[in-house]
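Next come the chains, spelled out residue by residue.
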Amino acid sequence: MSTETTQRPVATGRLDGFFRITERGSTVAREVRGGFVTFFTMVYIVVLNPIILSGATDGSGLMIGGVADLEQSKLLVAVGTAVIAGITSILMGLVANFPIALAAGLGINGLIAGMVFTHAAEGITFADLMGLVVIEGVIILVLVLTGFRTAVFHAIPAPLKVAISVGIGLFIAFIGVIDAGFARRPTSPGSVPSELGIGGSLNGWPTLVFVFGVFLIAVLLIRKVKGAILIGIAAATVLAIVIEAVFQIGPRIFTDQGLQNPEAWSLTVPALPESITNTPDLGILGQFSLLGSFEKLGFVTAIMFVFSLLLADFFDTMGTVVAIGTEAELLDEEGNPPNTERILVVDSVAAIAGGAGGVSSNTSYIESAAGVEEGARTGLASVVTGVLFLLATFLAPLFAVVPSEAAAPALVIVGFLMMMQVKNIDWDNMEVALPAFLTIVLMPFTYNITVGIGAGFIAWVLIKIARGHARQVHPLLWIVTAFFVIYFIKTPLENILT
């Protein structure tokens, strides 16, 4: 009998010991690098969230932030977005020790903007809707603390966990090519929903920056260069700045006549700022009304809105955590990450913080996979990302230099790496293959992680019933599947109830 024993790696200091860096096979340098990469792949939210939420006037006649000036509204949302993202990301790192960062959730902010547009005549305000976000976050937190959310997480069949990870990989790759304009919605009516570039052709310097970034990162990864993704983002940004300085391309502009200057930069025009610092205005924080929506929208409409937020937050996070944990090789034999309950508690608190901060529910970001691919394995990377978000409130002009065309290549490459897990699905078993397929394809097809997960759950249960294997379905999956059925028909159901 061998007398050898497996010894756990010994921590080399307090920082190492606290985050278990050596134990997870990482280094401080990798964690810091991963935190930077995650930040640069998701800092676009500081620019995008104001675009989504600002501009529309609510029932009070004011824009989000309680102001009438568009630029002031955008600045308030940008600062608030960065502050809440910074605090919640740091919290995730310190409390849950997991390499995932948080920020205002895409989709949820669009839902809020749509509700304002639809119900402004009824007097609804942004503060009222942020109050519903707080309520939803409190409900999610209660579900975690009672063990229900964690139990559902553990009840998800292993094949569906793999499919969720693969589907998210395809989804973020799709986000990357769309954000870069490599693929986009055609301008001519009645045509296909998405096409290559403009009119089926790659046009414009920004597209060249994206293609350059993708191939540079790919080559660096193949050659096993450390910091490949961060180097790719930085090099693409430098190229973008040079191109803009020479050709003065400017931004894409949407007018009543449609898209103008389609070959230009999609979101951020890359140019060296006149100043790299600014004084942040925190005036938007605390702008929420807990019960205002119930008075103005009615109980049923307000509850259905909370339910929509609840399902999105509940399962988007689960899918993201599984995907990040898989990529970081942190999942146990049942496909569960370490500190699951702590991760879910922080994510729930982030939803509350986003509503209380007036900038929409904050949630875990799948872009964190870029940092994981760069080597991040612990919460130190999340702390680094959070600190950078807080610095962004003072250095917004500097961080705003990075265009989406330079950051999007990281999403495409990471999407590819996550898609490689598809080989772990048993495609010869129809009971597994069909739910997995629906989970994977419906995420990018609907631009919604929750829809993909819901379709997979429903298909899994229905196929088990059809095959006479209903007893194999975990009891919690019956409950969750019923919730998803309600989620998919919520609009006609709301019409019936009201």
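Procedures and definitions
- Each chain carries its own residue numbering, running from 1 in the written order of its sequence.
- Given that this is a predicted model, residues contribute local features only at a pLDDT of at least 70 and side-chain atom pairs are listed and counted only at 80 or more, while totals for whole chains, interfaces and linings are drawn from all residues.
- Working from all heavy atoms in the structure, the side-chain values ignore hydrogens and water.
- A helix here means a DSSP run of H or I that spans at least four residues, while a strand means a run of E at least two residues long, and both kinds are numbered starting from the N terminus.
- Here the radius of gyration uses the C-alpha set of atoms, whereas the globule reference equals 2.2 Å times the residue count to the power 0.38.
- The buried label goes to any residue with under 20% of its type's maximum accessible area, the exposed label to any with over 50%, and the partly exposed label to all in between, with areas taken from a 1.4 Å probe on protein chains only.
- For the charge count, each Lys or Arg is scored as positive and each Asp or Glu as negative, with His and the chain ends excluded.
- By convention, charge coordinates are those of NZ in Lys, CZ in Arg, CG in Asp, or CD in Glu.
- Only the stretch in contact is used when fitting a helix axis, every axis being a line fitted to C-alpha atoms; angles between N-to-C directions are given from 0 to 180 degrees.
- Geometric relationships in this document are graded by angle, where less than 35 degrees denotes roughly parallel, more than 145 denotes roughly antiparallel, 65 to 115 denotes roughly perpendicular, and other angles denote oblique.
- By the definition used in this description, the sense in which the near helix is turned from the far one sets the handedness, with an anticlockwise turn below a right angle giving left-handed and a clockwise turn giving right-handed.
- In what follows, a contact means two residues having at least one pair of non-hydrogen atoms within 4.5 Å.
- In the sections that follow, a salt bridge refers to a side-chain nitrogen of Lys or Arg positioned within 4 Å of a carboxyl oxygen of Asp or Glu.
- Two rings from Phe, Tyr or Trp (for Trp, the six-membered ring) form a pair when their centres are within 6.5 Å of each other. A pair whose planes differ by under 30 degrees is stacked, one over 60 is edge-to-face, and the rest are tilted.
- Residues are grouped as follows: nonpolar covers Ala, Val, Leu, Ile, Met, Phe, Trp, Tyr, Cys and Pro; charged covers Asp, Glu, Lys and Arg; every other residue, Gly included, is treated as polar.
- For every residue, the pLDDT score states the predictor's confidence, bounded by 0 at the bottom and 100 at the top.

If you tally the helices and strands in the protein chain, you get 21 helices and six strands. Relative to the 2.2 N^0.38 estimate, which gives 23 Å for 498 residues, the radius of gyration of the protein chain is 22 Å and therefore close to what a compact globule would have. Across its three principal axes, the protein chain shows a C-alpha extent of roughly 70 × 60 × 50 Å. When burial is assessed residue by residue, the protein chain has 53% of its 498 residues classed as buried. Computed over 23 positive and 35 negative side-chain charges, the separation of the two mean positions in the protein chain equals 9 Å.

So, about the packing of helix 12 (residues 299-327) against helix 20 (residues 475-488). Two quantities define a packed helix pair, namely the angle between the axes and the distance from one axis to the other. At a closest axis distance of 11 Å, the pairing of helix 12 and helix 20 adopts a crossing angle of 130°. Classed by the angle they form, the pair helix 12 and helix 20 counts as oblique. Here helix 12 runs over helix 20; the crossing is left-handed. Counted together, Phe307, Ser308, Leu311 and Phe315 of helix 12 and Val480, Phe483, Phe484, Ile486 and Tyr487 of helix 20 form the full contact between these two elements.

Right, let's talk about the pattern of salt bridges for a bit. Pairing between side chains of opposite charge can happen when their charged atoms approach one another. Counted according to the given criterion, the structure contains six salt bridges. Glutamate 23 is the salt-bridge partner of arginine 20, the closest N and O atoms lying 2.6 Å from each other. Overall, arginine 20 belongs to the partly exposed group, its relative accessible area being 33%. Beyond isolated ion pairs, a larger network of salt bridges with shared partners links Glu431, Lys464 and Arg467.

Across all of its chains, the model carries 12 aromatic pairs by this definition. Taking the centre distance of 5.9 Å and the plane angle of 70° together, the rings of phenylalanine 174 and tyrosine 447 count as edge-to-face. A residue pair is termed long-range when its members are at least 10 positions apart, and phenylalanine 174 in helix 8 (residues 158-179) and tyrosine 447 in the loop between helix 18 (430-446) and helix 19 (449-466) qualify at 273 residues. For phenylalanine 174, a relative accessible area of 26% puts it in the partly exposed group. Members of the aromatic cluster, joined through ring pairs, are Phe36, Phe39, Phe40 and Phe389.

Attention now goes to the packing of helix 7 (residues 148-155) against helix 20. Relative to each other, helix 7 and helix 20 sit at 105°, their axes nearing to 9 Å. Comparing the axis directions of helix 7 and helix 20 gives the class roughly perpendicular. Facing Phe148, Ala151, Val152 and Ala155 of helix 7, the residues of helix 20 in contact are Leu476, Leu477, Ile479 and Val480. Of the residues in the contact of helix 7 with helix 20, the class split is eight nonpolar, no polar and no charged.

So, on to the confidence of the model for the protein chain. Within the protein chain, residue pLDDT values average 87, and 95% of them lie at 70 or more. Helix 15 (residues 379-392) holds the highest mean pLDDT among the elements of the protein chain, 96, whereas strand 5 (residues 258-260) holds the lowest, 69. Within the model, pLDDT remains below 50 along residues 1-6, and this stretch shows zero contacts once partners closer than five positions in the same chain are excluded.

So, on to unusual backbone geometry. Of note, the phi angle at arginine 20 is positive, near 55°, even though the residue is not glycine. Positionally, arginine 20 belongs in the loop between helix 1 (14-19) and helix 2 (28-42). Located in the positive-phi region is serine 360, a residue other than glycine, with phi close to 90°. The topology assignment puts serine 360 in the loop between helix 13 (340-356) and strand 6 (362-364).

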